[in-house]
Amino acid sequence: MRALILQSVGRLKRGSFFASVCAQWSNQRIRHASNNVSKEEGRYYVTTPIFYVNASPHLGHLYSAVLADCMHRYKLLQGFHSKFATGTDEHGLKIQQAADASGEDPFIFCTSVSQRFRRLFSSCNVSFTDYIRTTEERHRQAVEHFWCLLRDKGLIYKGSYEGWYCTPDESFLTSLQVADSVDSSGEAIKVSLESGHKVEWLKEENYMFRLSAFRTQLLDWLHNNPDAIQPERFRQDVLQWLQDDLPDLSVSRQRSRLQWGIAVPGDPDHTIYVWLDALVNYLTVAGYPGNHQRWWSVLRHIVGKDILKFHAIYWPSFLLGAGLPLPRSLYVHSHWTVGGKKMSKSLGNVVDPFERSQVFTTDGLRYFLLRQGVPDSDCDYTDAKVIKLLNAELADSLGGLLNRCTSLALNPSQIYPPFCSQSFLRMQDPEDSHMLDAVRNLPSVVEHHYDTLHIYKALETIASRVRQTNAFVHRHTPWKLNRLDEGERRRLDTILHISFECLRIYGILLQPAVPVLADKLLSRLGVRADERKWTDLDFRPSDKGTDCPFRGRSLGPDTGVLFSRLERPNEEKPNKANKKQTK
């Protein structure tokens, strides 16, 4: 292939750019993938937070899960052995109160809600490898072992806790973290400054964890590891919190107040604090207290910003106390809002992700969340935004490109057309060079965005390249070429071949985000399941069939629409009378 292209370069200098495209791409992609695998020994462990089962899942829960699923699929694509864990947090006073209010046994209540999360994730192609519930026996054993380890090291002691406690957040708060407010009846109350939820003054004998001993180590960790918490604005938030001394943390509740949880080992009168219980789930999934080292060394967390304190201060302190390595990174995302306000049952603005996935399709909703979700700022949801984005980028741009290039009118033989270097060199113009250069660099750009969990930037870049490819096709107007003329037929085949290769690259890169749609696209192009790996991201235009395995291959049989355009709800189509009035 290189020899042929270089010969063409000698004859026509305009081909120098294209020669570099073909010569550099394959080795570059394989080198990047192999370096990544060897760098981390080919393993990757990503987690979502485990979701509290006091209510049904909402859009924000699905966003966390889809982010993690995208990273899991991306690493599998690169050849990693990947573990992806999610699940439900089922202990605590809030669950106990919700179960009482429903008149159900706590475990039955938890099981019902946990199944809703599991059904949602399964229906949205969230390909978790482990779904953990904190009511499982394996988790109880891990928590008890972890507690005893901290206790035996002198990091847990019995003391008296007096201060503010927020039951909805299951969080202990200092006086600086609460504010005066009034409830719906006008009664004066105290609320959490972080969540706005009501707090109560609590005074009881509890077990305490020596959180104050770890402030310096936490500061050193964050200063020495600038990528430990991403995006940067959240690392700065944690550093600001650590400017003040850390008070010791209450890590138990009296059993008389809280029965629904794991009892403190050796003291049945106390229940382990729900957050200490819940955070250990990441260890449980890794195999703790047995063979957890294999996965623990490559751990990444994905969490929402509302639980940053628990994951960036409490959890690292617990791990430091237990002598365990800290996570490789903590990736924090912001919230989805409606009308600029956080979703809330009381406000009636909760978006049901299962219902929306039925309306917009699973991949449609996944694409919207990943394409529009900006990690360091809240994102506002509307159905109109979803419809506008999906119609523009999936139905019209990507779907239109695929349908046009595989149509019977342009491709009556329904094969992956051959490439002619002479035809390409004769028809090439500067815009073609810009397009091919952008597509050549696309895998490395997408790789960088995936690695930093800026998924929205990766999808934005892919969408931009799709638009460039559409412009390439329109520029060369293949529908005007005569297949009976040999020169024009070769030119037509070359235009289609380049377009197919671009589509193949886009399909491979989109697999982590929209697996069903990407599979449909690649199957239509005749690309087999074993030809969709990261190492297959090489551009293969060539006159030789051996250099391009797709040349002459039959296209897939599915000639349907890649993604159907969506109609706006209650949108009225103009009638003839309206049309006349608008003329």
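Residues numbered from 1 in each chain as written. Predicted model: local features only at pLDDT ≥ 70, side-chain atom pairs only at ≥ 80, totals over all residues. Heavy atoms only, no water.

**A few points about the overall build of the protein**
Looking only at helices and strands, one finds 21 helices and 19 strands in the protein. Counting the 583 residues in the protein, one finds 56% classified as buried. Relative to all contacts within the protein whose residues are 6 or more apart in sequence, the contacts with residues 24 or more apart total 77%. Surface exposure of the protein reaches about 24500 Å², of which carbon and sulfur atoms provide 50%. (Helix = DSSP H or I, 4+ residues; strand = E, 2+ residues; numbered from the N terminus. Buried < 20%, exposed > 50% of the residue type's maximum accessible area, 1.4 Å probe, protein only. Contact = heavy atoms within 4.5 Å. Areas by Shrake-Rupley, 256 points an atom, 1.4 Å probe, with all protein chains shown as cover.)

**With respect to the environment of Ser-192**
Within the element layout of this structure, Ser-192 appears in strand 8 (residues 188-192). Under the relative-accessibility criterion, Ser-192 is labelled buried at 3%. It is 9.1 Å that separates the C-alpha atoms of Ser-192 and Asp-180, two residues lying 12 residues apart in sequence. Other than its neighbours up to four places away in sequence, Ser-192 contacts Asp-169, Leu-173, Gln-177, His-197 and Val-199.

**A closer look at the packing of helix 7 (residues 215-224) against helix 8 (residues 232-241)**
At their nearest, the axes of helix 7 and helix 8 sit 10 Å apart, and the two run at 155 degrees to each other. Judged on the interaxial angle alone, helix 8 and helix 7 are roughly antiparallel. Crossing angle aside, the handedness with which helix 7 passes helix 8 is left-handed. Residue-level inspection shows Leu-219, Leu-222 and His-223 of helix 7 in contact with helix 8, the latter providing Arg-235, Val-238 and Leu-239. Taken together, the residues of the contact of helix 7 with helix 8 break down into 4 nonpolar, 1 polar and 1 charged. (Axes fitted to C-alpha atoms, helices over the stretch in contact; angles between N-to-C directions. Parallel < 35°, antiparallel > 145°, perpendicular 65-115°, else oblique. Left-handed = near helix turned anticlockwise from the far one by under 90°. Nonpolar A, V, L, I, M, F, W, Y, C, P; charged D, E, K, R; others polar.)

**Digging into the confidence of the model for the protein**
Low-confidence regions, as indicated by low pLDDT, have predicted coordinates that should not be scrutinised in detail. Model confidence for the protein is summarised by a mean pLDDT of 88, while 89% of its residues fall at 70 or above. Confidence drops under pLDDT 50 across residues 1-38; counting only partners more than four residues distant or on other chains, this segment forms 70 contacts. Counting interchain partners and residues more than four positions distant, the pLDDT-below-50 stretch residues 571-583 has 2 contacts. (pLDDT = per-residue confidence, 0-100.)

**Overview of the nonpolar core**
The tendency in soluble globular proteins is for nonpolar side chains to be buried as a group. If you look at the biggest cluster of nonpolar residues, it comprises 173 residues, and the most contacted ones within it are Phe-146 and Phe-318. If you tally residues by element for this core, the top one is helix 19 (residues 486-510), at 12 residues. Sequence-distant contacts of Phe-318, that is, excluding residues within four places in its chain, are made with Phe-146, Leu-150, Phe-209, Leu-249, Val-251, Leu-276 and Leu-279. Formed by 5 residues, the second largest nonpolar core is a distinct cluster that contains Trp-164, Cys-166, Leu-173 and Val-199. (Core = buried A, V, L, I, M, F, W, Y, C linked by side-chain atoms within 4.5 Å.)

**Description of the pattern of salt bridges**
According to the stated counting rule, one finds 31 salt bridges in the structure shown. Across the pair Arg-475 and Asp-432 runs a salt bridge, and its minimum N-O distance is 2.8 Å. With Arg-475 in helix 18 (residues 455-476) and Asp-432 in helix 17 (residues 430-451), this residue pair connects regions lying 43 residues apart in the sequence. Note on Asp-432: relative accessible area 0%, which makes it buried. Between Glu-531 and Arg-528 there is a salt bridge, with the nearest N and O atoms lying 3.0 Å from each other. Taken together, the salt bridges that share partners define one network made up of Arg-528, Asp-530, Glu-531 and Arg-553. (Salt bridge = Lys/Arg side-chain N within 4 Å of Asp/Glu carboxyl O.)

**Looking at the sheet that holds strand 19 (residues 379-380)**
The strand order 18-17-19 describes an open sheet built from 3 strands, whose pairing is mixed. Unpaired on one side and paired on the other, strand 18 (341-342) and strand 19 mark the two borders of the sheet. (Pairing = 2+ DSSP bridges.)

**Section: unusual backbone geometry**
The omega torsion across Gln-230 and Pro-231 is -10 degrees, close enough to zero to call that bond cis. As for its position among the elements, Pro-231 is in the loop between strand 10 (229-230) and helix 8. With an omega dihedral of 5 degrees, the bond running from Tyr-288 to Pro-289 counts as a cis peptide bond. Within the fold, Pro-289 resides in the loop between helix 10 (281-286) and helix 11 (293-296). Phi at Asn-125 is positive, roughly 60 degrees, even though this residue is not glycine. Here Asn-125 shows up in the loop between helix 5 (106-123) and strand 4 (130-133). The exposure class assigned to Asn-125 is partly exposed, which follows from its relative accessible area of 26%. Phi is positive for Thr-477, close to 35 degrees, though the residue is something other than glycine. In this structure, Thr-477 sits in the loop between helix 18 and helix 19.

**Remarks on the pairing of strand 7 (residues 178-182)**
One ladder, built from 5 bridges, connects strand 7 with strand 8; its direction is antiparallel. Along strand 8, the bridge assignment pairs Asp-180 with Lys-190. Here strand 7 folds back onto strand 8, and the loop between the two strands holds 5 residues, one of which, Gly-186, carries a positive phi near 90 degrees.

**Thoughts on helix 3 (residues 59-77)**
With 19 residues, helix 3 ought to run about 27 Å at 1.5 Å a step, and its terminal C-alpha atoms sit 26 Å apart, in line with that. Of all 19 residues in helix 3, 17 are buried, a share of seventy percent or more. Gly-79 occupies a position one or two residues after helix 3 and carries a positive phi of about 95 degrees. (Expected span 1.5 Å × (residues − 1).)

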